[in-house]
Amino acid sequence: MDTRTSINTVHYKTFGHGKPFVTISGIPSDHRIILSWMEPIFHSRSGWQRYYFDLPGTGQTSGEGITSIDQILDVVCEFIDTIIPGQRFTLLGLSVGGYLA
């Protein structure tokens, strides 16, 4: 799936239903790394809707026009506000994704 932000279009995948669980991967990897680690955990746990997305410049999300980590954070925040507006959520980051979280 893709969702548009003011800077670019963010590619993501979602699984399950329930409380939002947003993951932020590292760079240069894309969403597939954190997805491969997290999904086995959720096979026996219901009640979570998981979101895995590609940061700008990774996977299928363009990095065009991105010149700073602050702009990457802007994309992350806008992405979250777009896919789960006004909802509480759990956030997990890996590497630079942890820094952004």
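Predicted, not measured: the structure shown is a model, and the values here were computed from it.

The next point concerns unusual backbone geometry. The omega torsion across Ile 27 and Pro 28 is 20°, close enough to zero to call that bond cis. Within the secondary structure, Pro 28 is located in the loop between strand S3 (19-24) and helix H1 (31-42).

Given a rise of 1.5 Å per residue, 12 residues ought to cover 16 Å, and the 16 Å separating the end C-alpha atoms of H1 matches this to within 8%. Among all positions of H1, only His 31, Ile 34, Leu 35, Met 38, Glu 39 and Phe 42 are buried. The buried residues of H1 occupy one face: seen down the axis, they fall within an arc of 120°. Turning to H1, the residues buried within the fold contact strand S2 (9-15), S3, strand S4 (48-53) and strand S5 (90-93).

Glancing now at the pattern of salt bridges. Under the definition given, this model contains 2 salt bridges. Asp 30 serves as the salt-bridge partner of Arg 32, at 3.0 Å between the closest nitrogen and oxygen. We classify Arg 32 as exposed; its relative accessible area is 56%. For Asp 30, a relative accessible area of 9% corresponds to the buried category. Residue Glu 39 pairs with Arg 50 through a salt bridge whose shortest N-O separation is 2.6 Å. Placement of Glu 39 in helix H1 and of Arg 50 in strand S4 is noted, with a sequence separation of 11 residues between them.

Along the polypeptide, Ile 84 turns up in the loop between helix H2 (69-83) and S5. Assessed through its relative accessible area of 2%, Ile 84 is described here as buried. Along the sequence, Ile 84 and Pro 20 sit 64 residues apart, while their C-alpha atoms lie 7.6 Å from each other. Not counting chain neighbours up to four residues away, the residues in contact with Ile 84 comprise Pro 20, Val 22, Tyr 51 and Phe 89.

Turning our eyes to something else, we now look at the sheet that holds strand S1 (residues 2-4). Here we have 5 strands laid out as an open sheet, ordered S1-S2-S4-S3-S5, and mixed in their pairing. Two strands bound the open sheet, and with one partner strand each, they are S1 and S5. With strand direction ignored, the average angle separating the axes of adjacent strands in the sheet is 30°. Across 6 bridges, the pairing between S3 and S4 is parallel. Along S4, the bridge assignment pairs Pro 20 with Gln 49.

Criteria and thresholds
Residues numbered from 1 in each chain as written. Predicted model: local features only at pLDDT ≥ 70, side-chain atom pairs only at ≥ 80, totals over all residues. Heavy atoms only, no water. Helix = DSSP H or I, 4+ residues; strand = E, 2+ residues; numbered from the N terminus. Expected span 1.5 Å × (residues − 1). Buried < 20%, exposed > 50% of the residue type's maximum accessible area, 1.4 Å probe, protein only. Arc of directions from axis to C-beta. Contact = heavy atoms within 4.5 Å. Salt bridge = Lys/Arg side-chain N within 4 Å of Asp/Glu carboxyl O. Pairing = 2+ DSSP bridges. Axes fitted to C-alpha atoms, helices over the stretch in contact; angles between N-to-C directions.

In short, the description is geometric, and any link to function would need to be established separately.
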